[in-house]
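Tertiary structure, described
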Amino acid sequence: MTLAGLRAKTAHPARRAQEMFLALLFATAGLIVARTVAGIAADSGLGLGWQLGLAIAGYALAITLLANVSNTDPLATLAAATGTLAALAYGLVRTAAAVLVLLGALFAAVAGAFGHAVAT
């Protein structure tokens, strides 16, 4: 393998990690704006539907504004940020489910160790 081939092979994961980090950064900024807008709507006495709608609009507008400032495609940035956020949430849910299953197995093993022996 040539040096150029090695550089091309290692540049792709680094670029992908950078894009994922930026997408999470944009999503975090969007969530901060969404929470702020929803809080202001709640303090104003608006209903839950209005709060949710304004929060979604604030999330989308914050990400598209950041995309315009960073000179990237706003729709692609919004899709990447939302997709990365969804993947992160999915991973956290899967991890929590795995931890619950392992705790259940641990509880069953400990409870079984102190239980009565099965007659054969």
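Considered as a void within the structure, the largest pocket measures approximately 290 Å³ in volume. In this structure, the largest pocket is lined by Arg-16, Glu-19, Met-20, Leu-22, Ala-23, Phe-26, Ser-70, Thr-72, Ala-76, Thr-77, Ala-80 and Thr-84. Those elements giving two or more residues to the lining of the largest pocket turn out to be helix H1 (3–43) and helix H3 (74–113). At six residues, the largest contribution of residues to the lining of the largest pocket is made by H1. Here the lining of the largest pocket is composed, by residue class, of six nonpolar, four polar and two charged.

A word on H3. Between the first and last C-alpha of H3 there are 58 Å, a value that for 40 residues agrees with the 58 Å anticipated at 1.5 Å per step. Listed as buried for H3 are Thr-77, Leu-78, Ala-81 and Thr-84.

Moving on: helix H2 (residues 48–69). With 22 residues, H2 extends 31 Å between its outermost C-alpha atoms, agreeing within 8% with the 32 Å of an ideal straight helix rising 1.5 Å per residue. All of the buried residues along H2 are Gln-51, Ala-55, Gly-58, Tyr-59, Ala-62, Ile-63 and Ala-67. Each buried residue of H2 sits inside an arc of 160° when the element is viewed along its axis, so together they form one side. Across from the buried face of H2, at angles greater than 90 degrees, the exposed residues are Gly-49, Trp-50, Ile-56, Leu-61, Leu-65 and Asn-68. Looking at the residues trailing H2, positive phi occurs at Asn-71, about 60°.

What follows is about the nonpolar core. Among the nonpolar cores identified, the biggest contains nine residues, and these are Phe-26, Ala-27, Ala-34, Ala-38, Ala-55, Tyr-59, Ile-63, Leu-78 and Ala-81. Elements supplying a minimum of two residues to this core: H1, H2 and H3. When residues in this core are grouped by element, the largest group, four residues, is from H1. Those residues within four positions of Leu-78 in sequence are excluded, and the remaining contacts are Tyr-59, Ala-60 and Ile-63.

It is worth spelling out unusual backbone geometry at this point. Backbone phi values are negative for most residues with the exception of glycine, while trans is the configuration of most peptide bonds. For Asn-71, which is not a glycine, the phi torsion comes out positive at approximately 60°. Relative to the helices and strands, Asn-71 is located in the loop between H2 and H3.

Among the structural elements, Leu-54 can be located in helix H2. Judged by its relative accessible area of 32%, Leu-54 is partly exposed. A C-alpha to C-alpha distance of 9.6 Å links Leu-54 and Arg-35, two positions 19 residues apart in sequence. Contact partners of Leu-54, with chain neighbours within four places excluded, come to Val-37, Ala-41 and Leu-46.

Calculation notes
Residues numbered from 1 in each chain as written. Predicted model: local features only at pLDDT ≥ 70, side-chain atom pairs only at ≥ 80, totals over all residues. Heavy atoms only, no water. 1 Å grid on protein atoms, 1.4 Å probe; cavity = no way out; pocket = protein on both sides within 12 Å on 5 of 7 lines; lining within 4 Å. Points joined across faces, edges and corners; volume = space filled by probe spheres on them. Helix = DSSP H or I, 4+ residues; strand = E, 2+ residues; numbered from the N terminus. Nonpolar A, V, L, I, M, F, W, Y, C, P; charged D, E, K, R; others polar. Expected span 1.5 Å × (residues − 1). Buried < 20%, exposed > 50% of the residue type's maximum accessible area, 1.4 Å probe, protein only. Arc of directions from axis to C-beta. Core = buried A, V, L, I, M, F, W, Y, C linked by side-chain atoms within 4.5 Å. Contact = heavy atoms within 4.5 Å.

Bear in mind that shape data such as this cannot, by itself, settle questions of function.
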